[in-house]
Amino acid sequence: MSTPNTRRVVIEPLTRVEGHGKVTLLLDENNQVEQARLHIVEFRGFERFIQGRPFWELPVLVQRLCGICPVSHHLCAAKAVDGIVGAEDLPLTAEKMRRLMHYGQMYQSHALHFFYLASPDLLFGFDAPVEKRNVIGVIAEYPDLAVQGVMMRKFGQEVIKATAGKKVHGTGAIPGGINKNLSIEERDFLLQDMDKMVEWSRAAVRIAKDYTLDNLEAVAGFGSFDSNHLSLVRQDGAMDLYDGNLRAVDSVGDTIIDQVSPLDYLEVIAEEVRPWSYMKFPFLKSVGPEEGWYRVGPLARINTCDFIDTPEAEAARKDFLSLTEGQPSNVTMAYHWARMIEALHAAEKIQLLLHDADLQGEDLVADFGGRREEYVAILEAPRGTLLHHYKVDENDQVTMANLIVSTTCNNEPMNRTVQKIASDSISGAPEITEGLLNNIEVGIRAYDPCLSCATHALGQMPLEVTLVDRQGRLIDRLARPE
Amino acid sequence: MSDRISLTIDGRQIEAEPGQTILEAAEEAGVYIPRLCWMKGLSAFGSCRVCTVRVNGRPQSACTQPAAPGMVVENDTQELRELRRSLIDMLFIEGNHFCMFCEKSGDCELQALAYRLGITAPQYPFMFPQRELDATHPEIFVDRNRCILCGRCVRASQELDGKHVFGFVGRGAGKKVAVNAESGLGGTDAAGDDEAVAACPTGSLLKKRVGFAVPVGQRRFDHQPIGSEIEQAQSEE
Ligand code: SF4
Ligand code: FES
């Protein structure tokens with residue numbers, strides 16, 4: 001796609017995004033940003049590493065893909081393995097324990113993103129100095145809020161520990177079920193803080209909403225563009241983060257696909273390979289590679305579902321969509337608001353489950369039915385739709401694994417966001433301003449991308465921006481100290 | 001009773017039956033001597049050297065050395081702890097032991113010994129050998145990545161199961177546990193309930209589809225280090 005008439009602006013790596021990213025801006029002769037390319041180093045070796053392993057290892061093995069949302073991989077693989085062993089209906093205790101684990105994961109991940117990574121931008125403004133625009137700044141100026149963020153994350157982790165045995169990389173889900181129920185002690189321990197969690201989630205929705213409405217003019221167009229949206233929904237159209245069928249709508253809410261079983265994903269989704277990126281570009285086949293890309297994650301899920309089956313989150317969803325008169329919202333920065341609605345939904349779900357005696361049941365594993373050699377499972381991870389597809393041979397060894405992670409689905413949307421932000425900012429002077437850097441970071445962060453899906457450390461990474469002309473000569477460089 | 005043997009271990013006087021090894025006598029007295037290739041009910045093999053003690057100053061494997069009157073045995077010394085650490089360390093680096101997704105984790109004697117001896121990270125470089133996984137049997141599988149060549153399966157198959165499913169082939173770095181059928185484990189008369197399977201101290205020889213059925217917190221070594229049961233048995237008396 002690079003033509004002789006384009007110049008490149010390189011920004012690397014992004015701060016406060018899990019993993020490493022590097023952005024190249026391709027300028028045309030008139031210094032207009034023609035295209036943005038977010039280079040993501042994805043850990044693809046994993047799919048080969050899985051080959052030959054016994055399939056029952058998968059849920060524990062694949063969660064090592066990610067230190068941030070291991071539970072999503074754990075549960076998605078477990079659902080796929082249920083299919084392999086022919087466990088059609090899980091005992092209620094197993095199904096609900098897994099859901100509890102999943103909502104705990106959703107809750108802690110959303111809290112982490114909102115309070116640690118996003119709130120500095122929202123509270124201090126995108127142009128606030130970097131020294132202030134971080135979680136330390138939030139702790140200094142909004143100590144109560146910072147404490148809430150920490151406690152919400154911790155609560156989610158405790159839910160994970162009670163269901164998976166450990167806060168990170170536990171074992172809970174096994175083929176056809178779960179390896180433990182929730183003891184009365186574990187339940188009561190979690191119930192102690194439950195009301196507070198719902199209350200704080202409510203408050204977080206308010207913060208995100210107020211922020212969006214107060215800054216509507218600036219926020220509405222910021223890195224925004226019309227797009228398709230995709231997620232799982234329940235049979236009745238309700239939001240379902242753990243299970244369901246695929247639905248995709250276009251930018252005005254018209255249905256593109258609906259109730260497509262995960263098993264049929266290859267009929268509706270294809271992945272495009274582009275020479276400059278290791279990461280693929282998924283698209284809806286019926287729309288084609290040019291226009292068929294879609295967004296996933298909190299914004300997409302609010303846009304695709306017909307309703308949310310918990311009262312407070314449902315009220316918040318209606319409130320959210322009233323801004324766009326019931327049509328999908330295509331505002332990139334509205335991801336934050338949508339994310340907090342989901343956090344509230346997760347809190348409500350956790351509360352319901354903690355009061356459900358099924359969680360103390362003793363029937364933990366389904367009977368295995370007809371064995372399958374291939375299966376596909378999908379769930380909604382915090383960052384969006386996650387797909388695991390496996391093939392297994394007659395000796396129980398994995399022969400093929402294909403994983404489509406949410407950050408891959410949001411690949412094209414993130415590029416669009418960066419392109420939009422950059423072209424709004426760079427017009428004329430071939431230089432990178434601190435403001436542009438900030439804005440690009442803020443735009444990408446809205447998606448909460450997990451860029452490597454491998455190992456990564458939380459925290460600040462140095463930022464370096466390089467401006468290169470079409471001959472490859474360095475024109476400008478802007479770097480942040482480590 | 002009169003023919004009981006008296007010896008000391010780390011300065012403590014203990015008694016042994018004639019014919020007992022140092023390891024057995026120590027165990028009866030509530031003293032844990034670390035071991036890997038030794039297993040109660042099987043003949044001693046003396047290959048792993050983890051049970052090395054000093055007997056009257058000379059290094060000996062406690063699992064093969066008979067107790068004798070007046071022996072002065074050193075077991076829990078800095079020097080021997082370090083030696084054992086090195087041995088365990090080498091077992092880790094010469095195989096592919098990824099505890100983080102091994103279903104035997106929390107229940108594995110190799111891992112438990114590493115914890116007991118305070119190994120947090122290996123001091124030698126990993127060798128990442130190429131090893132095979134044989135899953136041709138419908139009920140069990142052997143993942144040689146995790147095999148430490150202790151020979152417990154070999155002996156258990158012969159001595160307890162009355163079969164000859166397992167044996168060693170090759171030498172040195174090429175040594176591996178083999179099965180007595182060309183087509184692999186599936187061609188042997190091994191069965192899921194064989195003592196040989198239960199005898200494996202690591203996640204090398206396992207029953208299929210058991211996986212992570214035991215939750216974290218309920219596994220054998222989740223709450224106490226390996227050997228504690230031996231030490232506690234004595235202190236409770
Ligand atoms: S398979 Fe297990 S029991 Fe057999 S030699 Fe290897 S580690 Fe020892
Ligand atoms: S236990 Fe004595 S040599 Fe292995």
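Every residue gets a number counted from 1 within its own chain, in the order that chain's sequence is written. Here every chain gets a letter starting at A, and every ligand a number starting at 1, in the order they are written. Local features in this predicted model are restricted to residues of pLDDT 70 or higher, and side-chain atom pairs are both shown and tallied only at a pLDDT of 80 or more, whereas totals for entire chains, interfaces and linings draw on every residue. Side-chain numbers here rest on the full set of heavy atoms in the structure, without hydrogens or water.

A count of helices and strands for chain A gives 15 helices and 16 strands. Taken across its 482 residues, chain A has 64% of its residues classed as buried. Contacts are residue-level and defined by heavy atoms, with any inter-residue pair within 4.5 Å sufficient. Look at the contacts in chain A between residues 6 or more apart in sequence, and 71% of them connect residues 24 or more apart. Under the convention used here, a 1.4 Å probe and the Shrake-Rupley method define accessible areas, while residue burial counts only the protein chains that appear. Accessible surface, chain A: about 17,600 Å² in total, of which carbon and sulfur atoms supply 50%. Helix and strand assignments come from DSSP, with helices taken as H or I runs of at least 4 residues and strands as E runs of at least 2, each series counted from the N terminus. Each residue's exposure class comes from its accessible area (1.4 Å probe, protein chains only) as a fraction of the maximum for that residue type: buried when under 20%, exposed when over 50%, partly exposed otherwise.

Quick look at the pattern of salt bridges now. What makes a salt bridge here is a side-chain nitrogen of Lys or Arg within 4 Å of a carboxyl oxygen of Asp or Glu, nothing more. Inspection of every chain in the model, using the stated rule, returns 47 salt bridges over all chains. The network of salt bridges with common partners includes Arg53 and Glu57 of chain A together with Asp143 and Arg146 of chain B.

In this complex, chain A contributes 20 residues to the contact, which on the side of chain B involves 19 residues. What gets called buried area is simply the loss in accessible area from a 1.4 Å probe that two parts show on being joined, summed for both. Summed over both partners, the interface of chain A with chain B buries about 1,700 Å², with 65% contributed by carbon and sulfur atoms. If you look at where chain A meets chain B, you find 4 salt bridges. Residues Asp143 of chain B and Arg53 of chain A are paired through a salt bridge, measuring 2.6 Å at the closest nitrogen-oxygen approach.

With that settled, consider the packing of aromatic side chains. Given two aromatic rings, their pairing is described by the distance between the two centres and the angle made by the two planes. Pairing of aromatic side chains here covers Phe, Tyr and the six-membered ring of Trp, requires ring centres within 6.5 Å, and sorts the geometry by plane angle: under 30 degrees stacked, over 60 edge-to-face, intermediate tilted. Under the definition given, this model contains 12 aromatic pairs over all chains. Ring centres 5.6 Å apart and planes at 65 degrees place the aromatic pair Trp56 of chain A and Phe141 of chain B in the edge-to-face group. Of this pair, Trp56 of chain A sits in the loop between helix H1 (45-50) and helix H2 (58-62) while Phe141 of chain B sits in strand E7 (residues 140-143), each in a different chain. For the pair formed by Trp56 of chain A and Phe141 of chain B, the shared burial category is buried. Any Lys NZ or Arg CZ found within 6 Å of a ring centre and within 35 degrees of that ring's normal is scored as a charge over the ring. In this structure, Lys79 of chain A is placed above the aromatic ring of Tyr242 of chain A, and the distance from its NZ or CZ to the ring centre is 4.9 Å.

This paragraph deals with the site of ligand 1. As a matter of local geometry, ligand 1 sits amid Cys147, Ile148, Leu149, Cys150, Gly151, Cys153, Cys200, Pro201, Thr202 and Ser204 of chain B. Definitions used for this entry: grid spacing 1 Å over protein atoms alone; cavity, a set of points where a 1.4 Å probe fits but cannot get out; pocket, an open set with protein on both sides within 12 Å along at least 5 of 7 lines; lining residue, one with an atom within 4 Å of a point. For a cavity or pocket, the test is whether more than half of a molecule's atoms lie within 2 Å of its grid points; if they do, the molecule sits there. Judged by its atoms lying within 2 Å of the grid points, ligand 1 is housed in the largest cavity. Near is defined per residue: the residue qualifies when any heavy atom it owns lies within 4 Å of the molecule or strand.

Our focus in this paragraph is the layout of surface pockets. Grid points are joined across faces, edges and corners, and a volume is the space filled by probe spheres set on the points. Computed from the structure, the largest pocket encloses a volume of approximately 640 Å³. Contributing to the lining of the largest pocket are 33 residues, with Lys104, Asp107, Glu109, Ala198 and Arg220 of chain B lying nearest its centre. By volume, the second largest pocket amounts to about 530 Å³. If you go around the second largest pocket, you meet 24 residues; those closest to its centre are Lys79, Glu88, Asp243, Gly244 and Tyr375 of chain A. At the level of secondary structure, the elements contributing two or more residues to the lining of the second largest pocket comprise helix H3 (70-85), helix H4 (92-124) and strand E12 (374-381) of chain A. For the lining of the second largest pocket, the element with the most residues is E12 of chain A, which contributes 4 residues. Nonpolar residues are Ala, Val, Leu, Ile, Met, Phe, Trp, Tyr, Cys and Pro. Charged residues are Asp, Glu, Lys and Arg, and all others, Gly as well, are polar. Looking at the lining of the second largest pocket, its residues break down into 9 nonpolar, 5 polar and 10 charged. Reported domain spans reflect what an automatic or database domain assignment gives. Lining the lining of the second largest pocket are residues from two domains, each supplying at least three of them: domain 2 (90-223 + 336-365) and domain 3 (225-330) of chain A.

Turning our eyes to something else, we now look at H3 of chain A. Expected helix span is taken as 1.5 Å per residue step, with the number of steps being one fewer than the number of residues. Spanning 16 residues, H3 of chain A covers 22 Å between terminal C-alpha atoms, matching the ideal 22 Å at 1.5 Å per step. The first or second residue beyond H3 of chain A is Gly86 of chain A, which carries a positive phi of 75 degrees.

Residue and element names in this part refer to chain A. With their axes 9 Å apart at the nearest point, H3 and H4 run at an angle of 150 degrees to one another. In terms of orientation, H3 and H4 fall into the roughly antiparallel class. The two elements H3 and H4 meet at a crossing, and its hand is left-handed. On H4, the residues that touch Pro70, Val71, Ser72, His74, Leu75, Ala78, Lys79 and Asp82 of H3 are Arg98, Met101, His102 and Gln105. Partitioning the contact of H3 with H4 into residue classes produces 5 nonpolar, 4 polar and 3 charged. Axis geometry follows a simple rule: fit a line to the C-alpha atoms, using only the stretch in contact for helices, then measure angles between N-to-C directions, giving values from 0 to 180 degrees. An angle counts as roughly parallel when it lies under 35 degrees, as roughly antiparallel when it exceeds 145, as roughly perpendicular when it falls between 65 and 115, and as oblique in every other case. In this scheme the handedness of a crossing depends on how the near helix is turned from the far one: anticlockwise by less than a right angle means left-handed, clockwise means right-handed.

All names here are of chain B. Only when DSSP finds a minimum of two bridges between them are two strands counted as paired. Read across the sheet, 3 strands follow the order E6-E7-E10 without closing on themselves; strand pairing throughout is antiparallel. Across the chains shown, the open sheet's two edge strands, defined by having one partner strand only, are strand E6 (133-134) and strand E10 (205-207). Sheet analysis places E6 next to E7, joined by 2 bridges and oriented antiparallel. Across the sheet, the residue bridging to Leu133 is Asp143, located in E7.

On to the packing of helix H14 (residues 411-425) of chain A against helix H15 (residues 434-445) of chain A. Residues and elements named next belong to chain A. Direction vectors running N to C along H14 and H15 enclose 155 degrees, while the axes themselves pass 9 Å from each other. Here H15 runs roughly antiparallel to H14, going by the angle between their axes. In terms of crossing hand, the pair formed by H14 and H15 is right-handed. Of the residues in H15, those in contact with Met414, Thr417, Val418, Ile421, Ala422 and Ser425 of H14 are Leu436, Asn439, Ile440, Gly443 and Ile444.

On to the sheet that holds strand E3 (residues 52-55) of chain B, then. Residues and elements named next belong to chain B. Across the sheet, 5 strands lie side by side as E2-E1-E5-E3-E4; this open sheet has mixed pairing. Two strands bound the open sheet, and with one partner strand each, they are strand E2 (12-16) and strand E4 (58-61). Sheet twist, expressed as the mean angle between neighbouring strand axes with direction ignored, is 40 degrees. In this sheet, E4 lies alongside E3 in antiparallel orientation, the contact comprising 4 bridges. Residue pairing across strands places Val53 opposite Gln60, the latter belonging to E4. The strands touched by helix H2 (residues 78-94) within the sheet are E3 and strand E5 (72-74), with E3 carrying the most contacts at an inclination of about 150 degrees.

Moving on: the domain arrangement of chain B. All names here are of chain B. Assigned domains of chain B: these are domain 1 (5-76) and domain 2 (85-207). Taking the mean C-alpha position of each, domain 1 and domain 2 sit 25 Å from one another. Interface area for domain 1 against domain 2, summed over the two sides, is near 1,300 Å², with a carbon-plus-sulfur share of 68%. Summed over the shared surface of domain 1 and domain 2, the number is 0 salt bridges. Any pair of nitrogen or oxygen atoms within 3.5 Å is treated as a polar contact; in protein, a donor-acceptor pairing is required on top of that, and neighbouring residues in sequence qualify only through side-chain atoms on both sides. Linking domain 1 with domain 2 are 4 residue pairs in polar contact (both at pLDDT 80 or more), by the criterion used here.

Before going further, it helps to examine a nonpolar patch on the surface. Patches here are clusters of residues that have more than 30% relative accessible area and form no salt bridge, with a 9 Å joining cutoff for like charges and a 5 Å cutoff for nonpolar side chains (Val, Leu, Ile, Met, Phe, Trp, Tyr). On the surface, Val147, Val150 and Met151 of chain A cluster together into a nonpolar patch covering about 230 Å² of accessible area. Residue classification places Val147 of chain A among the partly exposed residues on the basis of a relative accessible area of 47%.

Attention now goes to empty space enclosed by the protein. Applying the stated criterion across every chain, the model contains 7 cavities of 30 Å³ or more. Taken as a whole, the largest cavity spans an internal volume of roughly 100 Å³. The residue inventory of the lining of the largest cavity, partitioned by class, reads 12 nonpolar, 3 polar and 1 charged.

So, on to H14 of chain A. When the terminal C-alpha atoms of H14 of chain A are compared, their 21 Å separation across 15 residues agrees well with the 21 Å that a helix rising 1.5 Å per residue should span. Listed in full, the buried residues belonging to H14 of chain A are Asn411, Glu412, Pro413, Met414, Asn415, Thr417, Val418, Ile421 and Ala422 of chain A.

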